[in-house]
Amino acid sequence: MPLETARQKALKIRKQYHDSDEEASTTDEFNEQQRNSSQQSMNFNDTNKTSPNITERDELTTMNKTFDAKLDDLNMCMDLINRHYQALCRTLVDLEQVDKTEATTNIIKSVNERATLFRITSTAMLNACQELVQLIQGQGRKWQKAVQFERDARLRMERMCEQVAIQSVKLEKRVQRASRSDKQSLMPGRSTLTTLKSSDLRGTTDGANLSDDEEFYDAIDDPQTIGVFRIPLQPHVSNNDKQSPNFVADDVSSCNEDDSESEEQDENNLPMVIVKATKKEEATNNAALTAETTATSTAQKAASNSQQQVAIPKRKRRDRIPERPNYSVNLWSIIKNCVGKDLTKIPIPVNFSEPISMLQRITEELEYSSVLDTAAKINDSWEQLAYVAAFTISSYSTTTTRVNKPFNPLLGETFECDRTDDLGWKSIAEQVSHHPPALSTYAEGQGWTLYQEFTMTSKFRGQYLSITPLGHSHLIFKNTGNHFTWRKVTTLVNNIIVGKLWIDNVGEMDIINHTTKDVCKLKYFPYSYFSKDVPRKVTGVVTDVNGQARWVLTGTWTEKIEGGPVEASSGRHAHSHHMETRNMKLLWQRKMPPPHLENMYNFTQLAVELNEMESDVAPTDCRRRPDQRLMEEGRWDEANQEKLRLEEKQRQTRRAREIDGHDPYKSKWFKKSHDAFTDSEIHSYTSEYWESDKNPLIGYDFAQQYSRIRIFEFDSYADVKFLKFNIQGPTTLANWSITLSTEGKCTDNVDHIHFYLQQGAYPLIAPRNESFPQSYISSRHNLFKLVFNQTLTNPLIQLNNPTIGTWFTMTFIERQTSVIKPKISTGCNFYLSTWLDYRILSTISSLIIDQPIQVVMTHNNTSIYASHYTSIENSQLTFLSEWSSNVCEINIFARLNALPNARLYDYKTVCKNTTCSMKIDQISSLTTIYFQITSDNLSCLIEPLHGVLLLRTTECLSSVDHRCIQPYPTRRIMFNYYYDFLYVPIYTPDRYSSGSTSSITLNNKDLSLYSYEFITDDRNLGGTLHFDFESRVMLSVPSHVNITILGCLSKYQPRKYGNCESAFTIIVEKNSISMRSLPYPEIAHWYLTLEYNCSGSESECANSSLSLMFQISSSQCTKQQCGIYGICRIMTSQQNIFSTCTCLAGYRGYGCTDDTHAYASKSLTNVLFLTLSNCMFIPAIVLATYRRLHIEALVYSFNMFFSTFYHACDQDINKFCIFKYDGLQLSDFIGSYASFVITLITMAIIPRSIKVFLFMLGLLTCIVINSRDRFDHLQFIGLISITFLFTVLTWIIVSIRYHHLRPSTKRFLLVIPGFLLALAGLVLFAFCETDENYWYTHSLWHILIASSILFFLPHNKRYIKESVIQRIETSEPIVTTEPDSPTVGLSNQTVVMPIDNTSLSSSNTDSSKKSTDNLLP
């Protein structure tokens, strides 16, 4: 009972201790501040509270003494229990010697055990009591501390109540006195003015000597005074001195209390401005009210007048964007890599950004351009400077809610914003430098011009972020010619790690009028929780060339700015401490955005409109940035990937520029120059952007990025990945950038990665040197190859003047046949990311038939590009040029569907005279031909060279010009399957034909040439084109005359055999059948040209003719559907559909015709090995049946049956399947898993009934995990490991209980060979098995595992139960020596019954044996 009482008191005191500790933490600061003023009260209270404190300590001491006394009593009781226990044991021994019957012996043994248990329990209770007493004694100091804290908390609370009462009395008096100035407090500008204190007029010295009781001051009883504020007016400095920036130290926090106190002291030293009411407000209170209304309306009128008259815009702009998604981000993983680094070099995810660029953010400063419009109409330079100051303050109005970071612009990125239709201004901004990052802007408004260069330094210090701008801003007004410059103040981003982000702008800003030498000094006061002033306050003063104050400003950078002229003469002196002003007017007031924009990154209405896509902007405009657009659409994961891609591409371009030694980057629209006003370098606007046509400079195929595409080892085309890209327009340079990443455990022996690039078709390759069928055309146009490994950082394929259209890439991993890769491993996965960016030609002229164009070649423009798009086919073109002089040698290049140059062209001519021409064969319709006119001799271009370009066409008539070929169109007939087409020629009436579309007659007269046009597009892309020919000569042709048909396959224009590429030629002998096939044909207009060829005499050939039957068709895979050793499949890769052959029995190649590595002859042997090796399970089945392990025998039979028929079905050829392959495979896997599990459970030493339950549980587990993923080797390892550990655990438990090794030593020696066989099989299966050796390694696996089962199956002693009963009846116990066990009647012997290794559940009549069995878990 005393222990329970003590426990309840301890819990109560502990609770009071926690409560007092919290109160102490909240009131320590107040107690320290009031300790000196309340010393007497504290002494009095201490005297009164001493008595309870002593009483509590006495109570604790008494409690500890009680605990010690009770503990002594428990020790005495324990000694008595031990003495009685020893006496009881002696008595039981004597009793056992007197009566030695079996019943008496059992009773004595039971009593002995119970006495032992009682002694053990008593000892445990005593130990627990000792620990409790020690714990209570150890907690005594904490209890005393808790009581002391409670007492101190009460004292603090009493002091606080006393101080609050004193302050309440003082407050009531102050409120009564301040009620007389309530009406004045409602005047305009009151929100930003501080109530005038009496100490202010007495100077700072008097105010410093005031006591704490005089904290509340009376307002001056002057009805004219509205309020006061201080201005940052310092002793005058000559304007000839250089302007120096005002920075905030990086290691200073704006929230520091000491800093706020020092700021307040500095503020007290600044001059004071007393704001007085106008003369109309001095009459009476009623007149004051009337004047208040008038002033309010005047201010509203001034504000309305200061706002720009908004015109009706020409277009309706958007008013909302997608709301910001609520994505979480791991901040610590980003911060740990950021401390101490420059912010511009940190890859910050878009989670911390807002979907606008820094170019747009700077342009957003023009939201309040109406302030500048008002200033442009003012002639007074001081008032104009005041409005300029208000405009500079307005640029910070949204920073309180806009805590996210804008996107860093890419080098050369631009942003144009033309709002002349509604806001009256237009601007252009460009990123002019990458390291350090800098941007330049230029804006024109109604009577003003603004340009600036923005660069900054930013440091992350772990607690806050400091951003210090370095560039200067320039503003010029046309009416006065005043030129203003200023530099922005420092911005601090607080609570970076913990808490809600908030921004503060601090420091001083000097706005200089370089025309009149006037200066406006603005002071941004840091925000402080302990400051009594208006938060985010800004004050300023406009001084003339002599340093005299002319205008004053006050307000906040979050709401509004007011200003007025200085009227009191005393205030114009630089060292005067007071000055007066009247007629404060509203210079700027913030327009609050609509409420719905809070969920849209807290954008203003202008910010929402800035990133709206416009069609006529330059391709470098930041509206076209894909990462920024993706973020705005809420696709942040894709935006992060695209952002990293663009930034890495920018770094690659910079490194390439540095390696090649190119000149430093020069901006397009701004030119670097020296600024005489600020004596610094600045990028000035070139005045060319709005006058230029803004043709594309750089184009990015934004939709053609592929991120983390997993690639695999190549065995056939089914293992490759196809990616599709598009190049739109004449391109001078295209870059395919590649990034390789890995996942898992990858070795240093990195595989080779193959990357193929093909224009207009899937790449056709043979990476393992496979052979193609003889009739197949394997040659390709525009095929590029790159082989690399992980050691190559960011591989790149760069093409100059690539062909316009669709490009396909194919990628895979080269298979290493010499390396044996283990099956059971974490694996190494390869992921490939690739993207395309390309540069489009800036200017190009369009040629129209019979319409000349004028061109000029100069020293700066040595190349002229022109293009012509063919809409009518079958015509020849003639390119004509005429030049003003022949002093220059002009080179003219032409190329189909791509820009030409000196190395890549289809046609070329050199013009050495004033006129020249170039003939171009007829080309197909919908084809663009590009021309380049250039000169290598730059010296002849000192004077401009004028020329005229003209393009003419000639009708294609075969009877006139043998170079002109008239092709026949074809009609495509589509069938029901992929890539199954038939092309049927369409003849015109002027040609002789037999009426059949598949048979023609050729002779040496007018029917000697045929040409057929057919189109291949994405519907043919993944199939194979076939050209079948069968020729028959007429009976009148002599046998010695050799007649052949010569054919040519060509793109874009028909070609004769003599001009045909060798790989695309066709030869059809007389009376023969031939075929040519074109796999994965390129997207283009194709032509099949057939011409008659006779090798006999002229008379014999004139009378000879040949009949030719032909067919143009398309099919999947091959004509024979991959033959007998292949299966044709339709595959999909990244939405690209194609057909491919899956080869069997080791055959390879596109049509499975390469038998270099074929093993079809070994197929029957392989099947026999894999199936007959399962017969090794028969001995295990027989042994399990003999030992009455019927469940085990059934599982082994199931495994043998389905493994045999699964391997009979799992063959390329000579297969035999009793039902579906997938079902056989699943059954085989379940049987294999179950065999392992059942065998291990059988070896466990547990009752048979529990084994049966575990059998069912293990079998169901095998079914579940194989249904989930039958090829996951890790789940197999986990299942076997758990089962094996369970079996070993049962062995250990039984061995410990009976102090004998279970299973026995003999049994262990029998199990060891089984373990060795099973281990060898697992190693063979996991680390040695490959596709090449599968047939014999897997067969050995079957043999080894089945053989190991013979050693694992336990012996079942059929008559162990009867033997045990007989031994008990004859009283023949097994005597074993167990020195450590307690004995009854025997000094060191106990009776132990034999244990069955198979089951411990056999019935036993011995009571001690039952008791032992009950102790087993």
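See the structure printed just above.
Caption draft 1: Inspection of the sheet that holds strand S26 (residues 783-788) at higher detail. Spatially, the four strands line up as an open sheet ordered S23-S28-S25-S26, and their pairing is antiparallel. What marks the edges here is a single partner per strand, and that holds for strand S23 (721-727) and S26. When strand polarity is set aside, the average angle formed by the axes of neighbouring strands in this sheet is 20°. Sheet analysis places S23 next to strand S28 (residues 805-813), joined by seven bridges and oriented antiparallel. By the bridge assignment, Ile727 is partnered in S28 with Gly805.

Caption draft 2: Structural view of the pattern of salt bridges. By the definition in use, this model includes 33 salt bridges. The shortest N-O distance in the salt bridge between Arg402 and Glu354 comes to 3.0 Å. Here Arg402 is found in the loop between helix H13 (381-394) and strand S4 (405-407), whereas its partner Glu354 is found in strand S3 (residues 353-357), with 48 residues between them in sequence. Of the two residues examined, Arg402 and Glu354, each falls in the buried class. With a shortest N-O distance of 3.9 Å, Lys523 and Glu508 are connected by a salt bridge. Placement of the pair is Lys523 in strand S14 (residues 519-524) and Glu508 in strand S13 (residues 502-513), with a sequence separation of 15 residues. Salt bridges here are not isolated pairs; linked through shared partners, they connect Arg317, Glu614, Asp621 and Arg623.

Caption draft 3: Up close: the packing of aromatic side chains. Following the criterion strictly, the structure yields 51 aromatic pairs and no others. Geometrically, the ring pair formed by Tyr601 and Phe603 is tilted, given 5.6 Å between the ring centres and 35° between the ring planes. A relative accessible area of 2% places Phe603 in the buried class. Geometrically, the ring pair formed by Phe722 and Phe1138 is edge-to-face, given 4.8 Å between the ring centres and 80° between the ring planes. Pair noted here: Phe722 is in strand S23 and Phe1138 is in strand S50 (residues 1136-1143), with a separation of 416 residues, a long-range link.

Caption draft 4: How the structure looks around the sheet that holds strand S37 (residues 927-934). The strand order across the open sheet formed by five strands is S30-S32-S37-S34-S35, and the pairing between neighbours is mixed. Sheet topology places strand S30 (845-846) and strand S35 (907-911) at the edges, where each strand pairs with a single neighbour. Two strands pair when backbone bridges link them, and strand S32 (residues 863-870) and S37 are joined in this way by eight bridges, in the antiparallel orientation. Its bridge partner lying in S37, Ala866 is registered against Phe931.

Caption draft 5: How the structure looks around the state of the cysteines. Within the structure shown, the criterion is met by eight disulfides. Put simply, Cys1094 and Cys1101 are joined by a disulfide, and their sulfur atoms are 1.9 Å apart. Looking along the S-S bond of the Cys1094-Cys1101 disulfide, the torsion reads about -80°, which is the left-handed sense. Cys1094 gets classed as buried once you look at its relative accessible area, which sits at 18%. Among the residues examined, Cys1101 registers a relative accessible area of 4% and is labelled buried. Each sulfur of the disulfide joining Cys1122 and Cys1141 lies 1.8 Å from the other. Sign of the S-S torsion, about -80° for the bond between Cys1122 and Cys1141, identifies this disulfide as left-handed.

Caption draft 6: Region of the structure containing the pairing of strand S44 (residues 1043-1051). Counting buried positions along S44 yields nine of nine residues, so the element is predominantly enclosed. Burial of the side chains of S44 extends over both faces: Ile1043, Ile1045, Gly1047, Leu1049 and Lys1051 are buried on one face and Thr1044, Leu1046, Cys1048 and Ser1050 on the other. Relative to strand S47 (residues 1084-1094), S44 is paired through nine bridges, and the arrangement is antiparallel. Opposite Leu1049, over in S47, you have Leu1088 as the bridge partner. Sheet analysis places S44 next to strand S45 (residues 1065-1069), joined by five bridges and oriented antiparallel.

Caption draft 7: The arrangement of unusual backbone geometry in detail. The peptide bond linking His435 to Pro436 adopts the cis configuration, its omega dihedral lying at -5°. With respect to the helices and strands, the residue Pro436 is situated in the loop between strand S6 (425-433) and strand S7 (438-444). The omega torsion of the bond from Arg1302 to Pro1303 falls at 0°, within 30 degrees of zero and hence cis. By secondary structure assignment, the location of Pro1303 is in the loop between helix H23 (1273-1298) and helix H24 (1305-1328). In this structure, Asn801 takes a positive phi of about 50° despite not being glycine. Along the chain, the position of Asn801 falls in the loop between strand S27 (796-800) and S28. Taking the relative accessible area as the measure of exposure, Asn801 reaches 8% and is therefore buried. Here Leu926, not a glycine, exhibits a phi torsion of approximately 60°, which is positive. Mapped onto the secondary structure, Leu926 falls in the loop between strand S36 (915-920) and S37. With a relative accessible area of 54%, Leu926 lands in the exposed category.

Parameters and conventions
- Each residue is numbered by its place in its chain's sequence as written, counting from 1.
- Residues qualify for local features only when their pLDDT is at least 70, as the model is predicted, and side-chain atom pairs are given and counted only at 80 or more; totals for whole chains, interfaces and linings, by contrast, use all residues.
- To get the side-chain values, all heavy atoms of the structure are used, and hydrogens and water are removed first.
- Whether two strands pair depends on DSSP finding at least two bridges between them.
- In this text, helices come from DSSP runs of H or I with a minimum length of four residues, and strands from runs of E with a minimum of two, each type numbered from the N-terminal end.
- Structural elements are reduced to axes, namely lines fitted to C-alpha atoms, with helices fitted over the stretch in contact, and the angle between N-to-C directions of any two is expressed from 0 to 180 degrees.
- Each salt bridge in this description consists of a side-chain nitrogen of Lys or Arg and a carboxyl oxygen of Asp or Glu lying within 4 Å of one another.
- Relative accessible area decides the class of each residue, using a 1.4 Å probe on protein chains only: under 20% of the type maximum gives buried, over 50% gives exposed, and in between gives partly exposed.
- When the centres of two rings from Phe, Tyr and Trp lie within 6.5 Å, Trp using its six-membered ring, the rings pair. Their planes under 30 degrees apart give stacked, over 60 give edge-to-face, and anything left gives tilted.
- Criterion for a disulfide: a pair of cysteine sulfur atoms at a distance within 2.5 Å.

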